[in-house]
Amino acid sequence: MSERAKPARVLVVGLGTMGMSHARAYQAIDGFELVGLCTRNAVKRADLDQAFPGVPRFETLTEALRDLKPDAVSICAYTEHHAPMALEALDAGAHVFCEKPLAETLEAAERVIAAARTVRKALLIGYILRVHPSWTRFVEIGRTLGKPLVMRMNLNQQSSGSFWAVHKNLMRSTSPIVDCGVHYVDVMCQVTRARPVAVHAVGARLTDEIAPSMYNYGHLHIVFDDGSVGWYEAGWGPMMSETAFFVKDMIGPKGCVSIVASETGEAMKSQDHNAHARTSALRIHHSALDANGVFVRPDVMESTADEPGHDELCGREQELFLKAIRGEVDLADHHTDALNSLRIVFAADESVRTGEVVRL
């Protein structure tokens, strides 16, 4: 069997919602072989017995790398572990898939990208909306609306039980506007392809269950050098409003495009990962008026009813990762864009803490 035909032996680190989805993807894709799982209390996880019978389990990445010598490592742990684990995996000669955000500081993210380039290994970061057909179309339409653009997005999550526990764990190192903000800021940057010049943000601490230095609600504003502006809002916790969950639209001189959620109210829970990227249609509005001041064209509802689910999207990410491992895609622009979105959300985090506008 040629080296190219051999399946990439992959180790998954972190078996929460995202890690489980990615592990299932590796099992389903012919070009991968799932050879190990690494997570805390690995031996006690009965769900892993059922989902991945016979796959070896490890408590630490160091142990797993030593015993398995995998071709690739998928890092789905909490943010503070991303950069150290990615650097360790790259040093061991493995390709790396890392969930977003790549690191808890811009400098750490730059070190990981530099290390991947030095050892000539693939490094793919989990920007899942980039493989989502509805969001790809959203970006495509947004680019036809003229300049400047106004971009409005949010992802508030009313979380409870285990979901609130995960959010509190995330907030040990990462605020809501950083953790999910990289996705939506990245979308804004894809649409404008303009340089961000200023960021301002506000935040509020709505619970005593997190550190005094952390906030669980944030709202950022970005100004681009083409005159475009965008805002993103994110809040986590049992106090958050479900009504404030879903806004995704872009407005330009020629009209606007909005992602229409498939469900509302009790049927669509904001803490459900499947709901975060789920849509049912794109509503496209044209601003042109006739001589009587009447709209020339009616709004168009473009159906996205056949869009992929969360696990299928994770599968698409891993298919891209496999192409990168095989040298079939160049990830240089991917790395540049990832650093750009991180730079913006970290500037927003700085703005929350200082109360100042951050110039980029």
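For the structure itself, look to the data block above.
Residues numbered from 1 in each chain as written. Predicted model: local features only at pLDDT ≥ 70, side-chain atom pairs only at ≥ 80, totals over all residues. Heavy atoms only, no water.

(A) Expanded view of the overall build of the chain. Each helix and strand counted, the chain has 12 helices and 16 strands in total. Here the C-alpha atoms of the chain give a radius of gyration of 21 Å, agreeing with the 21 Å that 2.2 N^0.38 yields for 360 residues. Buried residues in the chain amount to 54% of all 360 residues. Long-range contacts, defined here as pairs at least 24 residues apart, represent 70% of the contacts in the chain between residues at least 6 apart. (Helix = DSSP H or I, 4+ residues; strand = E, 2+ residues; numbered from the N terminus. Rg over C-alpha atoms; globule rule 2.2 N^0.38 Å. Buried < 20%, exposed > 50% of the residue type's maximum accessible area, 1.4 Å probe, protein only. Contact = heavy atoms within 4.5 Å.)

(B) Fine view of the pairing of strand 2 (residues 32–38). Burial of strand 2 is extensive: 6 of the 7 residues sit out of reach of the surface. Judged from the 6 bridges that link them, strand 1 (residues 8–13) and strand 2 form a sheet pairing that is parallel. Counted as the bridge partner of Val 13 is Cys 38 from strand 2. This β-α-β element, strand 1 to helix 1 (residues 17–28) to strand 2, shows right-handed connectivity. Two strands pair when backbone bridges link them, and strand 2 and strand 3 (residues 57–58) are joined in this way by 2 bridges, in the parallel orientation. Paired with Leu 37 across the two strands is Arg 57, which belongs to strand 3. (Pairing = 2+ DSSP bridges. Right-handed = clockwise from strand over helix to strand, strands pointing away.)

(C) Structural view of the packing of aromatic side chains. With the rule as written, the count across this model stands at 6 aromatic pairs. Ring geometry for Tyr 26 versus Phe 32: centroids 4.8 Å apart, planes at 75 degrees, classification edge-to-face. Phe 32 carries the same exposure label as Tyr 26, and that label is buried. Relative to Phe 138, the ring of Trp 135 lies with its centre 5.3 Å away and its plane at 85 degrees, an arrangement referred to as edge-to-face. With Trp 135 and Phe 138 both in helix 6 (residues 133–142) and 3 residues apart, this pair spans about one turn of that helix. (Phe/Tyr/Trp six-rings, centres within 6.5 Å; stacked < 30°, edge-to-face > 60°.)

(D) Just the sheet that holds strand 3, in detail. The parallel open sheet is built from 6 strands, whose spatial order is 3-2-1-4-5-6. The open sheet is flanked by strand 3 and strand 6 (123–126), the only strands paired with a single partner. Strands strand 1, strand 4 (72–75) and strand 5 (95–99) of the sheet are contacted by helix 4 (residues 79–91), whose axis makes an angle of about 170 degrees with strand 5. (Axes fitted to C-alpha atoms, helices over the stretch in contact; angles between N-to-C directions.)

(E) Region of the structure containing the packing of helix 3 (residues 61–68) against helix 4. Running from N to C, helix 3 and helix 4 point in directions that differ by 15 degrees, and their axes come no closer than 11 Å. Relative to helix 4, helix 3 is oriented roughly parallel. Note on packing geometry: the crossing formed by helix 3 with helix 4 is right-handed. In this structure, helix 3 uses Leu 61, Thr 62 and Leu 65 to contact helix 4, whose residues at the interface are Met 85, Glu 88 and Ala 89. Class assignment of the residues belonging to the contact of helix 3 with helix 4 gives a composition of 4 nonpolar, 1 polar and 1 charged. (Parallel < 35°, antiparallel > 145°, perpendicular 65-115°, else oblique. Left-handed = near helix turned anticlockwise from the far one by under 90°. Nonpolar A, V, L, I, M, F, W, Y, C, P; charged D, E, K, R; others polar.)

(F) Quick peek at the nonpolar core. Ranked by size, the top nonpolar core spans 89 residues in total, and within it Leu 11, Val 73, Leu 102, Phe 138, Met 153 and Tyr 232 carry the most contacts. Examining the composition of this core, we find that 9 residues originate from one element, helix 12 (residues 332–354), more than from any other. The next biggest cluster of nonpolar side chains, apart from the first, holds 23 residues, and it includes Ala 8, Met 20, Leu 34 and Leu 322. (Core = buried A, V, L, I, M, F, W, Y, C linked by side-chain atoms within 4.5 Å.)

(G) Focus on the packing of helix 4 against helix 5 (residues 106–119). Contact geometry for helix 4 and helix 5: axes closest at 10 Å, N-to-C directions at 10 degrees. Relative to helix 5, the element helix 4 lies roughly parallel. Contacts from Ala 83, Ala 86, Leu 87 and Leu 90 in helix 4 reach Ala 108, Arg 111, Val 112, Ala 115, Ala 116 and Val 119 in helix 5. Within the contact of helix 4 with helix 5, the residues separate by chemical class into 9 nonpolar, no polar and 1 charged.

(H) Main features of helix 7 (residues 161–170). Listing the buried residues of helix 7 in full gives Trp 164, His 167 and Leu 170. Along the axis of helix 7, the buried residues cluster in a sector spanning 115 degrees; they form a single face. Exposed side of helix 7, more than 90 degrees from the buried face: Gly 161 and Ser 162 are the residues found there. Contact partners of the buried residues in helix 7: helix 4, strand 8 (157–158), helix 8 (176–179) and strand 11 (229–237). (Arc of directions from axis to C-beta.)

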